[in-house]
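Structural overview
Residue-level listing of the chains:
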Amino acid sequence: MGKLYAVGFGPGGYEHMTTKAVEVIKNADIVTGYTTYVEMLKEFFPDKEYLATPMTKEMDRCRMAIDLASEGKTVAMVSSGDSGIYGMAGILLEIANEKNADVEIETVPGVTAASAAASVLGAPLMHDFAIISLSDLMTPFNLIMRRIECAGEGDLIVCLYNPKSKKRVDYVEKAADILMNYREADTPVGVVRNAGRADESSYITTLGELKNAPIDMFSIVIIGNSNTYVKNGKMITPRGYEDKYGFANLD
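All figures in this text were calculated on a predicted structure; none of them were measured in a lab.

Conventions and cut-offs
Residues numbered from 1 in each chain as written. Predicted model: local features only at pLDDT ≥ 70, side-chain atom pairs only at ≥ 80, totals over all residues. Heavy atoms only, no water. Helix = DSSP H or I, 4+ residues; strand = E, 2+ residues; numbered from the N terminus. Rg over C-alpha atoms; globule rule 2.2 N^0.38 Å. Buried < 20%, exposed > 50% of the residue type's maximum accessible area, 1.4 Å probe, protein only. Contact = heavy atoms within 4.5 Å. Axes fitted to C-alpha atoms, helices over the stretch in contact; angles between N-to-C directions. Parallel < 35°, antiparallel > 145°, perpendicular 65-115°, else oblique. Left-handed = near helix turned anticlockwise from the far one by under 90°. Nonpolar A, V, L, I, M, F, W, Y, C, P; charged D, E, K, R; others polar. Pairing = 2+ DSSP bridges.

Within the protein chain, the secondary structure is distributed over 8 helices and 13 strands. For a compact globule of 251 residues, the expected C-alpha radius of gyration is about 18 Å, and the protein chain comes in at 20 Å, within 12% of that figure. Counting only residues that meet the buried cut, the protein chain has 45% of its 251 residues in that class. Here the contacts in the protein chain between residues at least 6 apart in sequence split such that 70% fall between residues at least 24 apart.

As C-alpha cells, then:
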C-alpha cells in the first residue's frame, strides 16, 4: 500500500521548509499540487515527477492523489504555507472518507503565511489573534464580516488572508470600518506582500489609513489589538509580562 502526504512547504523559499517536508518531497514517487505551487518546487526538486492541476480543480486533484496512493505510490500533495490551514489536508481527508479509501494519509505542517508575515513585521501576534480569509468563494460575505465583528469585539489581533482581488476590491475597507468601532484609527497595521519569497516587501500603516494602502491577493494584513504599538519600525503586541513579572525577571 502506498502513502499520501499533505505537505505544507511554507512561504516558498527552501530555507523555510521543514526538514520533514523536504524529506517527504524527496522520497515521494509523485508530487502533485496546484500549478503555481508545483512550479515553485521545481526549482528545488527538479528531478521529481509532477502532476499539476489548475485552481478550482482541488477535488479532482485529491481523487487523483488517492487513486495513485491506492496503487502503491508514495504521493506528496503540496500546499504553500501549512497544508492544514486553508490548505489541502481537510478536503483530502474528506474525499478519502467519501471513497472509503484504504490509504494512509499524513499531514506535514509548514510555516503559515500569518507567522511568516509576522516575523517580517516584528512581533505583532504575541497575544490572542484570529486568522480570517476575506475570500467569499467558500464563505458567505455576511458571515465573514460577522467574524470580523466578533474579532473586533474581543480585541483580537486580526490577520487577513486573501484580502483583495479584482472582484473583491473593498472587503478590506469594510473590515477596517467594522474594526474601527472597537479600536482607534491609529491602531498599527502591517502589510506584507509575498512573505518569505524573493520579492518580499512590507510596510506599516494604521487602521484609519488602511483604505489607501496598496493591497492585493499576495498580501497578508495584520491589524493590531488595542495594545499594539510601533517602535523602531517594528510592530509589537505586548503579552503583559511587565505588569505580571517585571522585565528583570524575563529569561
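After that view, the rundown keeps rolling.
This part takes up the packing of helix α3 (residues 58–70) against helix α4 (residues 89–99). The angle between the axes and the distance between the axes are what describe a pair of packed helices. Interhelical geometry of α3 versus α4 gives an angle of 60° and a closest axis separation of 9 Å. When the interaxial angle is binned, α3 and α4 end up oblique. Considering how the two elements wind past one another, α3 and α4 form a crossing that is right-handed. Where α3 abuts α4, its residues Met 59, Cys 62, Arg 63, Ile 66 and Asp 67 lie against Ile 91, Leu 92, Ile 95, Ala 96, Glu 98 and Lys 99. A breakdown of the residues in the contact of α3 with α4 according to their chemical character gives 7 nonpolar, no polar and 4 charged.

The strand order across the open sheet formed by 3 strands is β6-β13-β12, and the pairing between neighbours is mixed. Two strands bound the open sheet, and with one partner strand each, they are β6 (122–123) and β12 (229–231).

Another aspect to go through is the sheet that holds strand β8 (residues 157–161). A sheet is described by the order of its strands in space; here 5 strands give the open sequence β7-β8-β11-β9-β10, paired in mixed fashion. Strand pairing shows two members of the sheet lacking a second neighbour, β7 (129–133) and β10 (201–206), which therefore form its edges. Averaged over all adjacent pairs, the angle separating strand axes in this sheet is 20°, with direction ignored. As defined by bridge partners, β7 adjoins β8 across 5 bridges and the pair is classed as parallel. Bridging from a neighbouring strand, Phe 129 pairs with Ile 157 of β8.

Geometric descriptors of this kind do not, in isolation, establish any biological role.
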